[in-house]
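A closer look at the structure
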Amino acid sequence: EELSLYDPALLLSLNFFDSPANFNPRISAAAPGEVWLKVRPLQTGDFHRGFLQILSQLTKVGDVSLTQFLNRFAQMRASGDYYVTVIVDTRYDKIIGSATLVLERKFIHGCATRGRLEDVVVDDTYRGKQLGKLIVVTVSLLAKELGCYKMSLDCKDKLIPFYKSIGYTLEPGNANTMNIRYEATTRSIGRNAAAAGNQPEDTEPS
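These notes cover the structure that comes with them.

Rules behind the numbers
- Residues numbered from 1 in each chain as written.
- Predicted model: local features only at pLDDT ≥ 70, side-chain atom pairs only at ≥ 80, totals over all residues.
- Heavy atoms only, no water.
- Helix = DSSP H or I, 4+ residues; strand = E, 2+ residues; numbered from the N terminus.
- Buried < 20%, exposed > 50% of the residue type's maximum accessible area, 1.4 Å probe, protein only.
- Contact = heavy atoms within 4.5 Å.
- Expected span 1.5 Å × (residues − 1).
- Pairing = 2+ DSSP bridges.
- Axes fitted to C-alpha atoms, helices over the stretch in contact; angles between N-to-C directions.
- Polar contact = N/O pair within 3.5 Å; in protein donor to acceptor, adjacent residues only side chain to side chain.

Turning next to the overall build of the protein. Of regular secondary structure, the protein possesses seven helices and five strands. Element order for the protein, N to C, with α for helix and β for strand: α-β-α-α-β-β-α-β-α-β-α-α. Here the protein holds 206 residues, and the buried ones make up 38% of them. For the protein, contacts bridging at least 24 residues in sequence account for 66% of all contacts bridging at least 6.

Encoded structure:
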């Protein structure tokens, strides 16, 4: 029997009327609109259902083996802080969408928990079925159900209207996203240079 990353019953408890998102026709995680669609937690067998392939429509995934996938799955499940949620086309037993809620545990706000929305992707051949909105609202409501005091995300400028339409806001004076990237090649160069007592060469960010 396959393992789920988290308890599937959590998705059945979500109240989609708590979201400002407008669905037409009305759909939810429990009733996603087509009898062959299913919203559920990531499972151990999803390696063979195209989970990594759907992520590759979003960003570079790399050459991930089944062993690596299962090890990372076990780590996420053991931590209890990762809620990778997928949409399945049951006709083909194929993953067609995914989004991740990551819990960030704080000392501030009375040891509160912040939610982060990550890795949102839906196969573009399934446009017109409100699935992008469905997967985002699902994990957003999941964050509320789990007691998060807020949910945050980073997105491209062109997606701001979409996220605004489902309740996210740009906070004045706090709407910038900044990153520092640690590429694998840079890390290995840095380690080798440190071992030799030399400074690494400058590298271009990607």
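For helix H5 (residues 131-145), spanning 15 residues, the distance from its first C-alpha to its last is 21 Å, which sits close to the expected 21 Å at 1.5 Å a residue. With twelve of 15 residues buried, H5 lies mostly within the body of the structure. Every buried residue of H5 is listed here: Leu-131, Lys-133, Leu-134, Ile-135, Val-136, Val-137, Thr-138, Val-139, Ser-140, Leu-141, Leu-142 and Ala-143. Just downstream of H5, Gly-147 is the residue with a positive phi angle, here 90 degrees.

Okay, the sheet that holds strand E3 (residues 94-105) next. Sheet strands line up and pair through hydrogen bonds in the backbone, either parallel or antiparallel. Ordered in space as E1-E2-E3-E4-E5, the five strands form an open sheet in which the pairing is mixed. Edge positions in the open sheet fall to strand E1 (37-41) and strand E5 (150-153), since each of these has one partner strand only. Direction aside, the axes of adjacent strands within the sheet are offset by 25 degrees on average. In this structure, E3 lies alongside strand E4 (residues 113-122), joined through eight bridges in antiparallel fashion. Each bridged residue has a counterpart across the sheet, and for Leu-103 the counterpart in E4 is Gly-115. Lying on the sheet, H5 is in contact with E1, strand E2 (82-89), E3, E4 and E5; it crosses E2 at an angle near 150 degrees.

As a further point, take the side chain of Asp-81. Within the secondary structure layout, Asp-81 lies in the loop between helix H3 (66-79) and E2. Side chain to side chain, Asp-81 and Arg-105 meet in a polar contact 2.6 Å long. Discounting residues that sit within four places of it in the chain, Asp-81 has contacts with Met-76, Leu-101, Val-102, Leu-103 and Arg-105.

Here the focus is unusual backbone geometry. Residue Pro-25 is bonded to the preceding Asn-24 through a cis peptide linkage, with omega at 5 degrees. Phi at Gln-130 takes a positive value of approximately 65 degrees, unusual for a residue other than glycine. Assignment of secondary structure puts Gln-130 in the loop between E4 and H5.

To continue, consider the environment of Glu-2. Note on placement: Glu-2 falls in the segment before helix H1 (9-12). Separated by 43 residues in the primary sequence, Glu-2 and Gly-45 have C-alpha atoms spaced 6.4 Å apart. At 3.1 Å, the side chain of Glu-2 forms a polar contact with the backbone nitrogen of Gly-45. A distance of 2.6 Å separates a polar atom in the side chain of Glu-2 from a polar atom in the side chain of Arg-49.

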